[in-house]
Amino acid sequence: MTINNEQLTINNSGDASLSVSFCGLVFKNPVVAASGTFGFGREYGEYYDLSELGGISVKGLTLLPRNGNPSPRVAETPSGMLNAVGLQNPGVDAFIADELPTLRRYDTRIIANISGNTAEEYGIMAAKLSDAAVDLIEVNVSCPNVKAGGMQFGTSPALVAEVTREVRRNARVPVMVKLSPNVSDIAEIAVAAVDAGADALSLINTLLGMRIDIKTRRPILANVTGGLSGAAILPVAVRCVYQVARAVNVPILGMGGVCDGDDAVELMLAGASLVGVGTASFTDPFAPIKVRDGIEKYLNGNGFTLPSDITGKLDA
Amino acid sequence: MTGFSTDCRIVYSEELRDGVHALTFEAVGLTPAQPGQFVHIKCGGGDTTRVLRRPISVADYFEGDAANNVPPEITVVFEVRGDGTQWLAERREDNTLDVLGALGHGFEVPTDGQILLVGGGLGVAPLMYVANANPLRCNAILGFRTAELILLSGEFDRLCRRVVIATDDGSYGERGTVAEPVRAALKSEQYAAVFACGPRPMLRSVAAIAAELNVPCQVSLEERMACGVGACLGCAVETKNGIRRVCRDGPVFDAQEVVW
Ligand SMILES: Cc1cc2nc3c(=O)[nH]c(=O)nc-3n(C[C@H](O)[C@H](O)[C@H](O)COP(=O)(O)OP(=O)(O)OC[C@H]3O[C@@H](n4cnc5c(N)ncnc54)[C@H](O)[C@@H]3O)c2cc1C
Ligand SMILES: Cc1cc2nc3c(=O)[nH]c(=O)nc-3n(C[C@H](O)[C@H](O)[C@H](O)COP(=O)(O)O)c2cc1C
Ligand code: FES
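A quick note: this is a predicted structure, and the numbers were derived from the prediction, not measured.

Novice: I tried to follow the site of ligand 2 on my own but got confused; where do I start?
Specialist: All names here are of chain A. Neighbouring residues of ligand 2: 22 residues in total, closest Ser35, Lys178, Gly230, Gly257 and Thr279. Here asparagine 113 contributes a side-chain N or O atom positioned 2.9 Å from an oxygen atom of ligand 2. The backbone of glycine 278 places a nitrogen or oxygen atom 3.0 Å from an oxygen atom of ligand 2. If ligand 2 stood free it would expose 610 Å²; the protein chains cover 98% of that surface. Classifying every residue of the shell around ligand 2 by side-chain character gives 5 nonpolar, 15 polar and 2 charged.

Novice: For this particular structure, what's the right way to read the site of ligand 1?
Specialist: Inspection of the region around ligand 1 gives 20 residues, with Arg54, Pro55, Gly84, Thr85 and Arg224 of chain B positioned closest. Around ligand 1 the close residues trace back to chains A and B. With respect to ligand 1, the backbone of proline 55 of chain B contributes an N or O atom lying 2.6 Å from an oxygen atom. Here an oxygen atom of ligand 1 and a backbone polar atom of glutamate 79 of chain B are 2.8 Å apart. Taking 830 Å² as the accessible area of ligand 1 by itself, protein coverage stands at 86%. For the shell around ligand 1, the element with the most residues is strand β4 (residues 54-57) of chain B, which contributes 4 residues. Here the residues of the shell around ligand 1 sort into 8 nonpolar, 4 polar and 8 charged. Both domains that meet at the shell around ligand 1, namely domain 1 (4-103) and domain 2 (115-254) of chain B, each give it at least three residues.

Novice: What's the story with unusual backbone geometry in this structure? I'm lost.
Specialist: Negative phi characterises most residues that are not glycine, and trans characterises most peptide bonds. Of the consecutive residues leucine 203 of chain A and isoleucine 204 of chain A, the connecting peptide bond is found in the cis state with omega at 15°. Locating isoleucine 204 of chain A in the fold gives a position in the loop between β10 (200-203) and β11 (207-210). With an omega of -5°, the peptide bond between glycine 101 of chain B and alanine 102 of chain B qualifies as cis. Structurally, the position occupied by alanine 102 of chain B is in strand β7 (residues 96-103). Phi is positive for serine 79 of chain A, close to 55°, though the residue is something other than glycine. Within the fold, serine 79 of chain A resides in the loop between β5 (74-77) and β6 (80-83). Since its relative accessible area comes to 17%, serine 79 of chain A is described here as buried.

Novice: It is not clear to me how the packing of aromatic side chains should be interpreted in this structure. Could you clarify?
Specialist: Where two aromatic rings form a pair, the distance of their centres and the angle of their planes describe that pair. In the structure shown here, the tally under the stated rule is 11 aromatic pairs over all chains. Relative to phenylalanine 286 of chain A, the ring of tyrosine 47 of chain A has its centre 6.4 Å away and its plane inclined at 85°; by these criteria the two rings are edge-to-face. Here phenylalanine 286 of chain A lies in the loop between α7 (280-283) and α8 (287-301) and tyrosine 47 of chain A lies in the loop between β3 (31-33) and β4 (55-57), a separation of 239 residues in the sequence. Put simply, the rings of Phe38, Tyr44, Tyr47, Tyr48 and Phe286 of chain A together with Phe4 of chain B touch in pairs and so form one group of aromatic residues.

Novice: Looking at this structure, I do not really get the packing of helix α3 (residues 157-170) of chain A against helix α4 (residues 186-195) of chain A. What am I missing?
Specialist: The axes of two packed helices give the description: the angle between them and the distance between them. All names here are of chain A. Where α3 meets α4, the closest approach of the two axes is 8 Å, and the angle between their N-to-C directions is 30°. As far as their axial angle goes, α4 and α3 are roughly parallel. Where α3 crosses over α4, the handedness of that crossing is right-handed. For the pair α3 and α4, contact is made by Pro157, Val160, Ala161 and Thr164 and by Glu188, Ile189, Ala192 and Ala193, respectively. Broken down by class, the residue content of the contact of α3 with α4 amounts to 6 nonpolar, 1 polar and 1 charged.

Novice: What am I meant to see in the pattern of salt bridges here?
Specialist: When their charged atoms lie close together, side chains carrying opposite charge are able to pair. The tally for this structure, following the rule as stated, stands at 24 salt bridges over all chains. Glutamate 52 of chain A is the partner of arginine 292 of chain A in a salt bridge, and the nearest nitrogen-oxygen pair spans 2.7 Å. Linking arginine 292 of chain A in helix α8 with glutamate 52 of chain A in the loop between β3 and β4, this pair joins segments that are 240 residues apart in sequence. Residue classification places glutamate 52 of chain A among the partly exposed residues on the basis of a relative accessible area of 31%. Taking the shortest distance from any N to any O, the salt bridge between glutamate 26 of chain B and arginine 9 of chain B comes out at 3.0 Å. Here glutamate 26 of chain B, found in strand β2 (residues 20-26), pairs with arginine 9 of chain B, found in strand β1 (residues 4-17); they are 17 residues apart in sequence, far enough to count as distant. The class for arginine 9 of chain B is partly exposed, based on a relative accessible area of 34%. In this structure, a network of salt bridges that share partners links the residues Glu43 of chain A together with Arg244, Arg245, Asp249 and Glu257 of chain B.

What counts, and at which threshold
Each chain carries its own residue numbering, running from 1 in the written order of its sequence. All chains are assigned letters beginning at A, and all ligands numbers beginning at 1, according to the order in which they are written. Restriction of local features to residues with pLDDT of at least 70 applies here, the model being predicted, together with a cutoff of 80 or more for giving and counting side-chain atom pairs; totals for whole chains, interfaces and linings are based on all residues. Only hydrogens and water are set aside when side-chain values are computed; all heavy atoms of the structure are taken into account. Consider each residue's heavy atoms; a residue with any of them within 4 Å of a molecule or strand counts as near. What qualifies as a polar contact is a pair of N or O atoms within 3.5 Å, subject to a donor-acceptor requirement within protein and to the restriction that residues adjacent in sequence count only when both atoms come from side chains. Every accessible area reported is derived by Shrake-Rupley at a probe size of 1.4 Å, with residue values counting cover from the shown protein chains alone. As a working rule, the residues Ala, Val, Leu, Ile, Met, Phe, Trp, Tyr, Cys and Pro are called nonpolar, Asp, Glu, Lys and Arg charged, and the rest polar, with Gly in that last group. Going along the chain from the N terminus, every DSSP run of H or I of four or more residues is numbered as a helix, and every run of E of two or more is numbered as a strand. Note that domain bounds follow an automatic or database assignment of domains. Burial here depends on accessible area, computed with a 1.4 Å probe over protein chains only, as a share of the maximum for the residue type. Under 20% is buried, over 50% is exposed, and the range in between is partly exposed. A pair of Phe, Tyr and Trp rings is counted when the ring centres sit within 6.5 Å of each other, with Trp represented by its six-membered ring. The angle between the planes then sorts it: under 30 degrees is stacked, over 60 is edge-to-face, the rest tilted. Interaxial angles span 0 to 180 degrees and are taken between N-to-C directions of axes, which are lines fitted to C-alpha atoms, for helices over the stretch in contact. The scheme is simple: roughly parallel for angles under 35 degrees, roughly antiparallel for over 145, roughly perpendicular for 65 to 115, oblique for anything else. What makes a crossing left-handed is the near helix being turned counterclockwise from the far one by less than a right angle; a clockwise turn instead makes it right-handed. The contact criterion used throughout is that any non-hydrogen atoms of two residues lie within 4.5 Å. Salt bridge, as used here: a side-chain nitrogen of Lys or Arg that lies within 4 Å of a carboxyl oxygen of Asp or Glu.

Next up, the structure:
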């Protein structure tokens, strides 16, 4: 694992001791709001200063606007939830025109999360977002490939490689590929992404799930199935980060079920440099800030100076 | 800033009828509630298995008196439907609640003229606050399945000029749905607005009658929610102005905007 500590600098409001270097970018702390759980920052920005976050991964963008799935789109599960929002978003151009300027007012890293129907669509978005100077592009490969009969890009090493190459060819900012856990060998997919040029990896996206209302004998979600997130998936995320960190040599944004600093530390020990917080914000809007403070407490309490001191420091 | 408190002290709790409860809690740290808004309540205390908050309408609000240290209060009225509301029903005076709110876009009250409140079942709850905030401007038509399920009728009697109750089985008041009493009221008197809350089929029929008789109508919609603040797009509803969020753009929408 290569961690570059040279570029660590103190930024305006951040605490130097929490900063992380991630494929050449300095994050003021390791906590990133997870894509799709934070909109474009406007709503949670009413609760706290978004500059408190290391980064924000915005709602998944597509080339054209999308209406998403019918409701119900969410269902609660034990220690988690299912969602089938269906990538509702205003499209990449509207994001750049209407949302990015507002987000840019905050001193935090902006990560553009993108989804496409074809590899070419991913490439076009990567070019537009590079022109708009987002900090990092996060490639969501958990969406159906229209040309491959709807098979998810993220389940095939060849398709992940194809998308990654196309994005890498068009992007002038670092490219991070977001892996799906719904595969039999996540390390194999990770290697395919890195060999195709991924500068970083993020994981995990949601696990495919389903719930049924036994009174009506119907699925709760209009889409029938949806993605499982929240505390319930933490052990799956830890395992995936562990397996991927051992297989590749790029930094990892780990996420899945993080609710507090201790959960984040688990993912970091397994190999994550940054940690995403998603569903936990729904329970507590301040969850990302509390996770950040919890990481700091763990570092201070255990004789570490930097978050990178614990990345991959698993005693196994 | 936006309202959030993990420490809202309950000052009053009551079982209104079998399975329906009222709770009043101090709303210190929350934003002042407008009629039609809701609060997002964490149910389960330290139990972390229930990750989603429960949206419950504000059924009444008291501003308090900051100068004299009298805290504001919010009242909610809810039915036990599952685990979350069961937990809530077991809360008592001096227990505390973790509350986000008040949230959402409420009823837009016209500056003058009469308001017709149309409620079905638990949908009467948010209308009570409208009635309380607009004394002597409201008439109410309240629908329930049977006489045993009638809720808050005494409060509406006190706050409204006239109250009509309809029961599906005719066991109390008018027999049938609220549709005919609504039509009769709108035909016999001038109204500046109809505010409706209840099951979707009731809202649809009230919206149709109001449209036909040219009275502006606002409806309060329900959808399953996650964040409750507009960030997750979990609570989408289709409208003539595109996909909108029940938690942020609603729960109250202009009835003409809704795709029924
Ligand atoms: C804006 C709004 C205002 C509401 N106001 C009131 C009110 O004043 N009084 C009242 O009794 N009820 C109200 N409800 C419905 C109330 O939110 C549900 O009854 C409650 O969430 C059920 O939770 P539970 O844990 O008991 O049930 P469970 O079925 O165990 O809940 C499981 C999950 O489904 C969700 N859910 C289940 N039913 C509903 C529903 N009808 N609407 C939205 N989410 C649901 C829950 O929030 C939870 O996430 C309102 C709903 C909305 C959207
Ligand atoms: C409502 C919701 C919407 C999401 N939308 C996206 C998305 O648009 N793109 C994406 O890559 N991941 C999306 N995700 C996945 C999250 O970014 C994250 O990977 C996952 O929820 C696990 O983290 P958590 O358990 O902390 O929520 C979404 C998750 C949720 C709950
Ligand atoms: S519940 Fe998240 S946007 Fe409405």
